[in-house]
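Residue-level structural notes
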Amino acid sequence: MAEVLPHGILEICVVVGASHEKLKEICQAIPKDGIRSHCYLSPEIRSVHVPPFVSKEDSRFGNSDQSFTRISRRRSFKKKKELKHTNPVATNANVDHIESQSEEFSIPSNIDLQGLPQLCFPGELQIETEAKEDRYHFLVFTDVFGTRTYGVAVQFYRLIEEGNSFQHGQTNWNVHNQRMSTLYAPFSVCVISKFPYYTAFKDCLSSLMVHAKTCQELDFDHKVRQFAAKLALVPSPPSGTLHLVFNLNPLLIVLPSREDPNYPVADLDIHLPLLCFKPKCILQILTCILMEQRIVFLSADWALLTLVAECFILYLHPLQWQHTYVPILSKEMMDFLMAPTAFLMGCHIDYFKEVKSEIEGLILVNIDEGTITFSNLAATEPDIPEIPSQAAECFAQRIESLQLHYDLELSHLGSSTDISNLRMRRRNWQQNLNLTIQELFLVLVVNMFRDVSDYLNYEYRVFNSEEFLKTRTVSDQPFYKKVLETYIFHSFLKARLSRKMDAFSHMELRICPESNRVKMRDNPRRPTMEQMVMRREYHFDHLVTKRFAASMPNLPVDIWQEISAEHLSIRKNKSEHAMKKSTKSVTLKLPEFRSPLNYSSVIAWYTDFINLLSKAINTTGQECSSLLARYYYLRGLAYLMQGKYLEALSDFQNLYKTDLDIFPKELVKKVIGVLPPDQHSQAGRKPELKRLISIMLEKERNVTASDEHVKKFELPKTHMHQEDFLKRIQESGIVKDVGTILRLFNALTIVNSEKNKLKYRDMTTEQIPTAKVVSRSVFYLSAETGHLKQIDPETFRDFYNFWKESEAEAHEVNLPLEVIEYLDKNESVFKLSSAVRTNYGVGKIALTQKRLFLLKEGRPGYVEISKFRDIMEVENVSVMFFPLRIPGLKIKTALKEPFVGNLKTERDLWQLIVKEMWAGRTMADKHKDPQYIQEALTNVLLMDAVVGCTQSRAIYAASKLAYFDQMRNLVVPKTTLETLKHKINPSADQTSPQAVNALLYAPGNPNYPEEGANANPKLWCALSEGKVVLMDAASWCIQQHCIQVGNSKLNCMLGVDSSQLWIGSQDSCIYIINTCSMSCNKQLTEHCTDVTDMVLEDQGSNLSQKCVYSCSLDGSVICWDVSTLQIKTNFQLSNCHRLTAIKLHNCMLWCCVGDSLLEVKKTGQVFRTLILENPNGSRAFFNCFLVLSGKNQLVTGCADKGEVCFWDMENLSKPWQKIQLQDCSSINCMIFVKNQVWIGSKGLDKANGKIYVIDADKYYVEKELVAHVDMVRALCAAENKYVLSGAGREDGKVAIWKVE
């Protein structure tokens, strides 16, 4: 059971000093003519104190005062101490203690006691003739698994009194010599913890020294034991705004929490390196760390070695140092510097010359002088490139504004007469400065690596490092070449590919929000006109040239805003800044420690702690749910220490409703695993605990090893069948859409077949299966040759290289300003022809996503040929030029004379290109779907690459990619065309469309226009597999790509208020998203099956006046108090196995239970039943229904046929009106807008989703709308002006309809 108990902040407390025997020898060997000082001794461990210090068994045997039991939990350490020096007249208590010291007790497995004495005295342990001031230093220990523990040690001197030396409170020798009173022996107390509370433990040891240095020899060890026992009681605060305070007379000790869970604890002055080094030197040190050099910090102050090293580790967060880390090396450990691998170590400045002259390849960082040098044994200094110039410039500008001196910051304040107030003021200043510095360095890291995500393929976990390097400036490439090969960067890539929302991700969203929004113009990556202008405005040395070599046509173009350093800094809107300011930290003072600390007093302390937390919980409202969660967490820990496991589990279960981010999953698993049978049965009788245990056990069964590998993109070396080719293309980032890739495969197999005609000429169909195949695939035979369709690596390589070369060439296009001013700022040039003669003049034909224009030669000029939507006809012509007939292309428009260009050998390709873009524009206009033009643009660029990588039958192969030209004549019904306003794709960054299972429109906040995008209306889209996408409903761009809420289908969404979004899932959970932080840290887990619907009962503006009714498939209905997230009432519908929807009307609940509708009282009593009989006597099944309150009517939709029924709520015996929907097999959803009932359905053919609009007064189908190729799964209204519809996986888009 001891394994389950949570640890306090103390792991172990050790007293180190010269051995008892050595001190005795020195005292006995003092010469008669004087006193010998500066006598060097070897430090040894004198006592070890390891929790737990008390147990229940102690109280049974009456050893309540000094019985500190050690239970063997890890490897054991046996103190090798002989008892021959024991004074026979020692007290019984002391004898008991001596015997206990020889017992085996537990030592944390990552603590090496053999090396600890040297680290407590890293210099020398020597006898002095006068006492010296106490000195503190800090230690870091790393085990073989990379887990770190932290230590704080104090060195202090005690007078060696006449006749004895303190050792466990016993008299050790008896030498009478007056000269002994002038000798001082050094000792050290080291506190070791899993948490880096450097300042807190320094304060704790300072408090101990006040008492320990003045106490009698006999009391010293007892005081250290009591000190360690107190620290063992103190828990570490969870991340958040709650700090813990406890009293160790005379000081109040503050344990700061991590205000941001994405940051580590920073209980030190992280501005120290900024006082020691200039900004340029700091950047050099960070570069050395990123490149995993062999780095040695040197200082005359042992304390600075660890503090400065820890600061640099914090500066690079979330990048993590992966190698050897020993910030303090004692004299005996100096040989560690000979290690050939990367390390970060620290040693005393006295060894500087020796290290520099005898060990090669070291980076020597002199903290005292603020310099960096290299060990000069090597012939040349290591090549350490500079940090990328733009990131460095931004850093230098921001660091100048920091106020690093406390006295200057608070010089206007008066003197404080209260030391506690003075310390608190200094602590608050340091805390604010720490946050500012952490943010500054995080911005630096983001600016260095913000573009990495552009070269990632998340599905296949591929990083295209080669293309990433190509896009860096020449001056920055040496830096990235080295960093990209390090373990630090590899670990960083793992987190990116896993879409980890850490500090880097959140900061990336803040400083470059545009890069995270998928505009509905998913252009292949090319520089826009805006970028071209910006490039001209800055000097080349300060220009970040981005060639966008790793193209992903299905992804968006990011607006390029990183030319100047101002663009790289944080852009905060007022609401975000206000939110940060409003988040104030709260301190909780722990109960006073009782003395002596025996079993009964420890239990009493935990009782006081629980009472304190219970009082805090009762006085904290649900609006402070984050703070409430911290109280529950701490009380759960306290209950565990008292052995009250069920109470602890209840508190941990409350974290689901307050803040799931701090839920101690592993601890709860352990507690559940050791529950005694009687308590396990008690938990089974409590629904919330039964559900918690069920969830934890289910998660444990479903645990799968996460895939954390990272691949570098490599060109294939073997032949590829269709499946292999699909994977390779997606890995390369060229295109992600499966349909487009399959068409590309067909095009390239034509190219490939021309190359391999001779090779396969004599190969019959019967011989094909004998070919070597490395994977199970479906093989495709060419319709022309009967040969196996595959692509050889040479064809793939030629295609890939041509694609990349075309991108590079397009990026090098530098249009004159006279031309740029005619184009939209977001337009890009995607292709240029050779110089040709046209009837508009001589020049190059340029293609953008919107138009064709002629870039005239000689004097630069712009002549527009046509916008794609204005084209009327494209045809091949021959231009007579005696005696030749030159191939030309003729483009007719309605606005000007036809354009004729003598394109010669390029004519056929340009004809394909122009016709595809024209067709894509036409389709985009017809279907109100801008993605069509982007898909057409992708097809055009693929055509160009196919033609470029082959010679024979090139145009025929490229024509296989002309998708939209073949779809040109697809007819859109007139009614649909008039009603449809726009179409958007919420799964734009996915490899395939995702089903839109639920939609929710949230109105904007026009009263606060200064909030920018945050004031705009929002559209929440629930996609497949627990993905939620947030779209800005003003610009229809993706504002938040993917908020993951479980991994199951999401059935319903409900906006409770402006800050809460509730989502019902197929996994039986209700997920609550905080719309301010865009995080999901609350869950309601009381349902046992699919949560199918939710409805809000709003009785006022306050949360306390709101409640939510939720239902699940098994017939369970729960009423939730929105303010407390507690269950107000709940009931179970009898014999119900298909409860799919609920509505609230006149204080009654209407429930759709499959073959009937039930009117139910809030107590669960069924009041009325509605059924619909089919002509054959069977019951019709309902899928959805509406309550028309103003008309006192019900509208039902059938699940098994296209029938809509209107019912009078006063008479439910038969429907008032029936309407049969044509070409409809089932009705999935319906909403009521402006006296119209909008119905989403599934057509008779699965790939046909229709929307029917019924006039609610005249009871007839007013419109039939067709805009989806899969069933309509979701409908929602936007301010009674628009209706939005979401379709199934085959379509995956959202259509926006005008309401008339």
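Data block above holds the structure.
I will try to describe carefully the structure that is included in this document. Since this is a predicted model, take the numbers as computed values, not measurements. (Residues numbered from 1 in each chain as written. Predicted model: local features only at pLDDT ≥ 70, side-chain atom pairs only at ≥ 80, totals over all residues. Heavy atoms only, no water.)

Broken down by element type, the chain carries 36 helices and 55 strands. Counting every position in the chain, which comprises 1300 residues, the buried fraction comes to 56%. Within the chain, contacts between residues at least 6 apart in sequence are counted, and of these 62% link residues at least 24 apart. Surface accessibility of the chain: about 55900 Å² in total, with carbon and sulfur atoms responsible for 49%. (Helix = DSSP H or I, 4+ residues; strand = E, 2+ residues; numbered from the N terminus. Buried < 20%, exposed > 50% of the residue type's maximum accessible area, 1.4 Å probe, protein only. Contact = heavy atoms within 4.5 Å. Areas by Shrake-Rupley, 256 points an atom, 1.4 Å probe, with all protein chains shown as cover.)

Attention shifts here to the pattern of salt bridges. Any two side chains of opposite charge can pair, so long as their charged atoms come close to each other. Enumeration over the complete set of coordinates arrives at 44 salt bridges. Residues Arg851 and Glu827 are paired through a salt bridge, measuring 2.7 Å at the closest nitrogen-oxygen approach. Of this pair, Arg851 sits in strand S23 (residues 851-856) while Glu827 sits in the loop between helix H31 (817-820) and strand S21 (831-838), and the two are 24 residues apart along the sequence. Glu827 carries the same exposure label as Arg851, and that label is buried. Overlapping salt bridges bring together Glu827, Arg851, Glu864 and Lys867 as one network. (Salt bridge = Lys/Arg side-chain N within 4 Å of Asp/Glu carboxyl O.)

Count 3.6 residues to each turn of an α-helix, and residues three or four apart come out pointing the same way. By the burial criterion, the buried members of helix H16 (residues 487-497) are Ile488, Phe489, Phe492, Leu493, Ala495, Arg496 and Leu497. Packed against the buried residues of H16 are helix H8 (279-290), helix H13 (419-449), strand S17 (456-457), strand S18 (462-463), helix H15 (477-483) and helix H17 (503-511). Positive backbone phi, at 55°, marks Arg499, one or two positions downstream of H16.

In space, the 5 strands of this open sheet follow the order S13-S14-S12-S15-S16, with mixed pairing throughout. This sheet does not close on itself; its edge strands, each paired only once, are strand S13 (324-326) and strand S16 (371-374). The average undirected angle you get between the axes of adjacent strands in this sheet is 25°. Sheet topology note: the strand S15 (residues 362-366)/S16 ladder contains 4 bridges and is antiparallel. (Pairing = 2+ DSSP bridges. Axes fitted to C-alpha atoms, helices over the stretch in contact; angles between N-to-C directions.)

Attention shifts here to the environment of Lys1234. With respect to the helices and strands, Lys1234 occurs in the loop between strand S49 (1224-1233) and strand S50 (1236-1243). Assessed through its relative accessible area of 47%, Lys1234 is described here as partly exposed. Each C-alpha atom of the pair Lys1234 and Asp1255 lies 9.4 Å from the other, and the pair is 21 residues apart in sequence. Setting aside residues up to four positions removed in sequence, Lys1234 forms contacts with Asn1280 and Val1299.

Take the state of the cysteines next. By definition, a disulfide links the sulfur atoms of two cysteines through a covalent bond. If you walk through the whole model with that rule in mind, you get 0 disulfides. Of the cysteine sulfurs around Cys1229, a residue in no disulfide, the closest is that of Cys1184, at 6.5 Å. When its relative accessible area of 10% is taken as the criterion, Cys1229 is described as buried. (Disulfide = S-S within 2.5 Å.)

Ordered by their spatial adjacency, 4 strands build an open sheet running S29-S30-S31-S32, and the pairing between neighbours is antiparallel. Of all the strands in the sheet, the pair left with one neighbour each is strand S29 (998-1002) and strand S32 (1037-1044). Adjacent strand axes in the sheet meet at a mean angle of 20° when their direction is disregarded. Note that S29 and strand S30 (residues 1018-1022) share 5 bridges and pair antiparallel. Opposite Ala1002, over in S30, you have Lys1018 as the bridge partner.

We now examine unusual backbone geometry. Residue Asn249 is joined to Pro250 through a cis peptide bond whose omega torsion reads 15°. Residue placement: Pro250 occurs in the loop between strand S10 (242-248) and strand S11 (251-255). At the junction of Ser595 and Pro596, the peptide bond is cis and its omega measures out at -5° in the coordinates. Positionally, Pro596 belongs in the loop between strand S19 (586-589) and helix H21 (599-619). One non-glycine residue, Asp1223, lies in the positive phi region at around 55°. Topologically, Asp1223 is positioned in the loop between strand S48 (1217-1220) and S49. For Asp1223, a relative accessible area of 41% gives the class partly exposed. One non-glycine residue, Tyr1259, lies in the positive phi region at around 55°. Following the sequence through the fold, Tyr1259 ends up in the loop between strand S51 (1249-1255) and strand S52 (1260-1268).

H13 packs onto helix H11 (residues 389-399) with a crossing angle of 165° between their chain directions and a minimal axis gap of 9 Å. Looking at the two axes, H11 sits roughly antiparallel to H13. As for how H11 packs across H13, the hand of that crossing is right-handed. Residue-level inspection shows Ala391, Cys394, Phe395, Arg398 and Ile399 of H11 in contact with H13, the latter providing Glu439, Leu440, Phe441, Val443, Leu444, Asn447 and Met448. (Parallel < 35°, antiparallel > 145°, perpendicular 65-115°, else oblique. Left-handed = near helix turned anticlockwise from the far one by under 90°.)

The next subject is the nonpolar core. In terms of nonpolar packing, the biggest core is built from 213 residues, with Phe297 and Phe449 touching the most fellow members. For this core, the element with the highest residue contribution is H13, accounting for 12 residues. Among residues more than four places away in sequence, those in contact with Phe449 are Leu319, Phe479, Tyr480, Val483, Phe489, Phe492 and Phe504. Formed by 63 residues, the second largest nonpolar core is a distinct cluster that contains Leu748, Leu852, Val947 and Cys949. (Core = buried A, V, L, I, M, F, W, Y, C linked by side-chain atoms within 4.5 Å.)

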